[in-house]
Amino acid sequence: MKLTKLAALAATTALCAPAAFAEEMANEMTLVSWGGAYQSSQIKAYVEPYLALNPEVKVTWDESSAEAVAKLRAMNEAGNVTWDLVDVVASDSMRLCDEGLAVELDPATDLAAAPDGTSAEDDFGDLLVSECFAPQIVYSTTFGYRTDLVGDTAPTSVCDVFDLAAYPGKRALQKRPIDNMEWALFCDGVAKEDIYDTLGTDEGVSQALAKLDTIKDQVVWWTAGAETPQLLADGEVVMGSTFNGRLFSAIAEQNQPIGMLWDMQSFDLDGWIVPEGLPADRKARVMDFLKFATDTQRLADQAKYISYGPARASSAPLVGTHAELGIDMAPHMPTDPANATNVHIYDYEWWADNRDDLNAKFEAWLAK
């Protein structure tokens, strides 16, 4: 995916009536997401408006998206799929699609057209990265830091994360190889355009892990996006990675003494997959909700509550001010030009192909 495409989404309405299905629709759905401020934005932008039109429906949430692949594999093997709609990152959608664990979607029938008649396929464009994926947002994983704990000179480079002399104290990093390995190689002198070629070799993996070794004993490992903002708020870490929307919430909504480090922020996509193997009535309900929740206005509405760029081109011009704070949301988007001077374009296809192998090597390194 090109940076210009992502930037256009952030820079550039009718209510979609639920689709009619011949089948009887179930009145319960289990939605799976990531918890915290992000899930709250989904509730406000998607679920509450849908329930206003369909008050008979009961929605239950599960906050296990970080474990979506493993849990859907287990459900499939057991023949008991209990989830109805799952929020996943793009690379996980590819793995689930390749393994037959997610339903293939037809944008022409399963996703709503734009208000001006532009097809969903054209409106989502290059962000339809998998036949099973309904994109919602462009987001980034980046760093926050405690403004009162970094001395007189605030960090400006991602490589400051590896500088324990200038910025002593604990760091928070996500407990996975993605992003950490790329940042480590970049800060060990590997050019951005060579990162994935390097990481595709045993020597490159060793180089990345050796760089991470330099701060390993100062790392607090996190698995849920809400953890780093809380660790920063509590003063338990000096800096830490998390999703940019979580940091926005801590800074703008909670007035925490936290600054944003946008350097080498890692762009990614997030969206919905429908698990394979649902009974007809549950599938009918979730497809009805999916078409509603991915329309132009719904995606624009999510940006009222969290600083993630909507994945539809037609939604971008509708992004305005925060629903509660009244502040302009555009400057807080990861794709805003001022925030995107040096970005890392996360290669979800590469990770879809290499994730299991790198996970095993990363876990073995953690256990040392």
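Residue indices follow the written sequence of each chain, beginning from 1 at its first position. Per-residue local features are limited, in this predicted model, to residues with pLDDT of at least 70; the limit for side-chain atom pairs, both in listing and counting, is 80 or more; totals at the level of whole chains, interfaces and linings are taken over all residues. As a rule here, side-chain values cover all heavy atoms of the structure and leave hydrogens and water aside.

Student: Looking at this model, I keep getting lost on helix H4 (residues 90-98). Mind explaining?
Tutor: Since the α-helix turns once every 3.6 residues, residues separated by three or four places project in the same direction. Accessible area is worked out with a 1.4 Å probe on protein chains only. A residue is then buried under 20% of its type maximum, exposed over 50%, and partly exposed in between. Strands are runs of DSSP state E lasting at least two residues, helices are runs of H or I lasting at least four, and both sets are numbered from the N terminus onward. The element H4 is largely enclosed, with a buried count of 8 among its 9 residues. All buried positions along H4 are accounted for by Ala90, Ser91, Asp92, Ser93, Met94, Arg95, Leu96 and Cys97. In the segment just after H4, Gly100 is the residue with positive phi, at about 75°.

Student: Explain the pairing of strand S7 (residues 239-243) to me, please; I cannot follow it from the model alone.
Tutor: A regular strand places its side chains so that they alternate between the two faces of the sheet. In terms of burial, S7 is a largely internal element, 5 of the 5 residues being buried. In short, DSSP must find at least two bridges between two strands for them to pair. Relative to S7, strand S4 (residues 134-146) runs antiparallel, the two being bridged by 5 bridges. Within S7, the position partnered with Gly144 by the bridge is Gly240. The sheet contact formed by strand S5 (residues 171-174) and S7 spans 2 bridges and is parallel. In the sheet register, Arg171 faces S7, and the bridge partner there is Met239.

Student: Help me out: how do you make sense of the side chain of Asn180 in this one?
Tutor: With respect to the secondary-structure elements, Asn180 resides in helix H7 (residues 180-186). Throughout this description, a polar contact denotes any pair of N or O atoms lying within 3.5 Å of each other; where both atoms belong to protein, one of them has to be capable of donating a hydrogen while the other can accept it, and for residues adjacent in sequence the pair is counted only when both atoms sit in side chains. A polar atom in the side chain of Asn180 sits 2.7 Å from the backbone oxygen of Arg176.

Student: Would you take a moment to explain the environment of Thr223 for this structure?
Tutor: Assignment of secondary structure puts Thr223 in the loop between strand S6 (219-222) and helix H10 (227-233). Residues count as neighbours in contact if any of their non-hydrogen atoms are within 4.5 Å of one another. In this view, Thr223 contacts Ala66 and Lys175; residues no more than four positions away in its chain are not counted.

Student: Would you mind going over the environment of Pro310 with me for this structure?
Tutor: Locating Pro310 in the fold gives a position in strand S9 (residues 309-310). For Pro310 and Val138, which are 172 residues apart along the polypeptide, the C-alpha to C-alpha distance reads 6.3 Å.

Student: Mind showing me how you'd approach helix H9 (residues 202-213) here?
Tutor: A helix's residues, less one, multiplied by 1.5 Å, set its expected span. An ideal rise of 1.5 Å per residue puts 16 Å on 12 residues; H9 measures up with 16 Å between its terminal C-alpha atoms. Gly204, Val205, Ala208, Leu209, Lys211 and Leu212 are the residues of H9 that are buried. Each buried residue of H9 sits inside an arc of 155° when the element is viewed along its axis, so together they form one side. Counted as exposed and oriented over 90 degrees from the buried face of H9: Asp202 and Glu203. Where H9 is buried, its residues meet S5, H7, helix H8 (195-199) and helix H14 (348-367). Directions from the helix axis toward the C-beta atoms define the arc.

Student: Would you mind showing me how to read the pairing of S5 here?
Tutor: Neither face of S5 is left uncovered, since the one carrying Arg171 and Leu173 and the one carrying Ala172 and Gln174 both have all their residues buried. Here 4 bridges tie S5 to S6, and the two strands are oriented parallel to one another. What sits directly across from Leu173, in S6, is Trp221.

Student: Would you mind going over the nonpolar core with me for this structure?
Tutor: By nonpolar core is meant a set of buried Ala, Val, Leu, Ile, Met, Phe, Trp, Tyr and Cys residues that side-chain atoms within 4.5 Å join together. Among the nonpolar cores identified, the biggest contains 84 residues, and Met181, Leu212, Val274, Phe289 and Leu290 are the most heavily contacted of them. Per-element accounting of this core gives the leading share, 8 residues, to H14. Ignoring anything within four residues of it in the chain, the contact list for Val274 reads Asp84, Leu85, Leu101, Ala102, Val103, Leu105, Val286, Met287 and Leu290. Ranked by size, the runner-up nonpolar core spans 16 residues in total, among them Val89, Ala172, Leu247 and Tyr308.

Student: Got a minute to help me understand unusual backbone geometry in this structure?
Tutor: Excluding glycine, most residues fall at negative phi; most peptide bonds, likewise, are trans. At Asn255, a residue that is not glycine, the phi angle is positive and equals roughly 55°. Counting through the fold element by element, Asn255 comes out in the loop between helix H11 (244-253) and strand S8 (258-273). Although it is not a glycine, Met264 sits at a positive phi angle of roughly 60°. Looking at where Met264 falls in the secondary structure, it is placed in strand S8.

Student: Can you walk me through the state of the cysteines in this structure?
Tutor: Linking two cysteines covalently through their sulfur atoms gives a disulfide. Our working definition of a disulfide is a cysteine sulfur pair at a distance within 2.5 Å. As enumerated under the stated definition, the model contains 2 disulfides in all. Disulfide pairing is shown between Cys97 and Cys132; the S-S distance is 2.0 Å. Residues Cys97 and Cys132 share a disulfide whose torsion about the S-S bond is about 65°; that sign makes it right-handed. With a gap of 35 residues between them, Cys97 in helix H4 and Cys132 in the loop between helix H6 (120-124) and S4 connect regions that are remote in the sequence.

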